[in-house]
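Architecture at a glance
Listed below, chain by chain, are the residues.
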Amino acid sequence: MVAEVAALRSGERDPLAHVERTCERIAAIDGRIRAFVAEPDRRGRLRAEAAAVRARWPEPAGRPALFGVPVGVKDIMHADGLATGAGSAVPAGELTGEQSTVVARLRAAGAVVAGKTVTAEFAVTAPGPTRNPHHLDHSPGGSSSGSAAAVAAGMVPLAVGTQTVGSMIRPAAYCGVVGFKPSYDRVPVAGVIANAPSLDTLGLFAADVAGVAHAAAVVCDDWRADAAREATGAGRALPVLGVPTGPYLDRADAEAVAAFDRQVERLRAAGFTVRRVPFMPDFDAVYAQQFVVNRYEVPRTHAQWFPRFGHLYRPETVAAIREGQQVAEADYAAAREHQRAFRDRVHATLTAEGIDLWITPAATGTAPRGLATTGDSVMCLPWSYAGVPALTVPAGSLAPGLPLGVQCVARAGADEELLGWAPAIEAATATANTTTATTATDATAIDTATDAAAGTG
């Protein structure tokens, strides 16, 4: 993405011509992948946005960080000129709101909105129609399914998503792209339909760490560019990595753990110190308390819509709301206290063990077959619960060519350091990345994948 940005800002590439190519790419393959929400005149709207961007910043010297860059926006974020459906059958007019802060920041930086990307209904668990670009009969993950798939398929270089439990890191891993979930509350959530407000976090997808880092400086509050540079400055040691052993890591599939162990050895060979540290022996309690926080908040988010439109909600969302309605306030208060204590424990363990980053599998395994589920979010759960920043980088694949990811987790507020250290980890894992986006590189490959997936809906 960084090269694309440079070409647009310098004038080597015209934003109008660039959005034409974007529209052609979407038209050629999105009928199969279904990463974008349909709109009646995407090309006309994008032409108008690109023309406005070019008119506002006619001189290359004054062009902002994302000048002319097409961005996918998850369909729970309000964006002027586009309806918000949240992946639901609720009448769109009921879900209106002022443009989200994140979209306003992207547009102020010169980005153009390529369209709304498909989300699981209300960013809960009911899957949307999006398919994995690597194998169309497999899930892309969720709930930020369309954002991850749109980047993996080369339809846009950048997309925005949200994560409550595993809604960014997991689909990024399944789709073979980089996903970045900042620290909790680092990107304002104003103008975004909530899932569970004590957990919801906005983040980014791009093909590589450099693209995510470039955009993070635009969307995150109080970005410390110097901190990211200093993390990898001359003479700086590589970060010390910690693997949290115990019942948490045991949740990953044996095949995924074996692949992760191979990545750990690659990191050691690249000069990283990796320490295996017993952590979260009480993971079942962490899991249960996170569930209490999440479920208690979901029905409160839907208090204005569910009584009127609950009959239009999908069964998975209804079940989540009904479960949340049964959670007692005292149990929720206790879970919130547990959440604060757990975040402190994450930081204390990093300090005590001399670790800069936790590393883990980004998901329990590869993308599941079929579109009935978005996969298991358990590998992301404790870090979302703690509100700490997480990043996944592509880390090879397992048969039949489905991607894996390595998740990197820092302490809260260390987003810049995480993205400063990440390129070295990305480089070390890149030797295994032979299949990333192989089926997403051209329409012919997508056609082939479609033929293989015939009959899957």
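Up top you'll find the structure we're talking about.
The model shown is predicted, which means the values in this text are computed figures rather than measured ones. (Residues numbered from 1 in each chain as written. Predicted model: local features only at pLDDT ≥ 70, side-chain atom pairs only at ≥ 80, totals over all residues. Heavy atoms only, no water.)

**Focus: the pattern of salt bridges**
Taken as a whole, this structure holds 22 salt bridges when the rule is applied. Note that glutamate 94 and arginine 308 form a salt bridge whose closest N and O atoms lie 3.2 Å from each other. Of this pair, glutamate 94 sits in the loop between β1 (70–74) and α4 (101–108) while arginine 308 sits in helix α11 (residues 306–309), and the two are 214 residues apart along the sequence. On the accessibility criterion, arginine 308 (43% relative accessible area) is partly exposed. Across the pair arginine 276 and aspartate 261 runs a salt bridge, and its minimum N-O distance is 3.0 Å. (Salt bridge = Lys/Arg side-chain N within 4 Å of Asp/Glu carboxyl O. Helix = DSSP H or I, 4+ residues; strand = E, 2+ residues; numbered from the N terminus. Buried < 20%, exposed > 50% of the residue type's maximum accessible area, 1.4 Å probe, protein only.)

**Brief notes about the pairing of β1**
Counted residue by residue, β1 has five buried out of five residues, so it is predominantly covered. Residues Pro70, Gly72 and Lys74 point to one face of β1 and Val71 and Val73 to the other, with burial holding for every one of them. Judged from the five bridges that link them, β1 and strand β2 (residues 112–117) form a sheet pairing that is parallel. Considered in β2, the bridge of proline 70 is made with valine 112. With respect to chirality, the unit in which β1 leads through α4 into the neighbouring parallel β2 is right-handed. Examined bridge by bridge, β1 and strand β3 (residues 158–163) share three bridges and lie parallel to one another. The partner of glycine 72 across the bridge, within β3, is alanine 159. (Pairing = 2+ DSSP bridges. Right-handed = clockwise from strand over helix to strand, strands pointing away.)

**Re the sheet that holds strand β4 (residues 178–181)**
The 10 strands are arranged β2-β1-β3-β5-β4-β9-β10-β8-β6-β7 in an open sheet whose pairing can be described as mixed. Since the sheet does not close on itself, it has two edges, and those belong to β2 and β7 (274–278), each with one partner. Neighbouring strand axes in the sheet, compared pairwise and without regard to direction, differ in orientation by 30° on average. Of the strand pairs in this sheet, strand β6 (residues 241–245) and strand β8 (residues 357–361) are connected by two bridges, and their pairing is parallel. Bridge pairing in β8 links glycine 242 to tryptophan 358. Relative to β3, helix α5 (residues 145–152) is tilted by about 155°, and along the sheet it contacts β1, β2, β3 and β5 (201–206). Running over the sheet, helix α9 (residues 254–269) touches β6, β7, β8, β9 (390–398) and β10 (402–409) and is turned about 110° from β9. (Axes fitted to C-alpha atoms, helices over the stretch in contact; angles between N-to-C directions. Contact = heavy atoms within 4.5 Å.)

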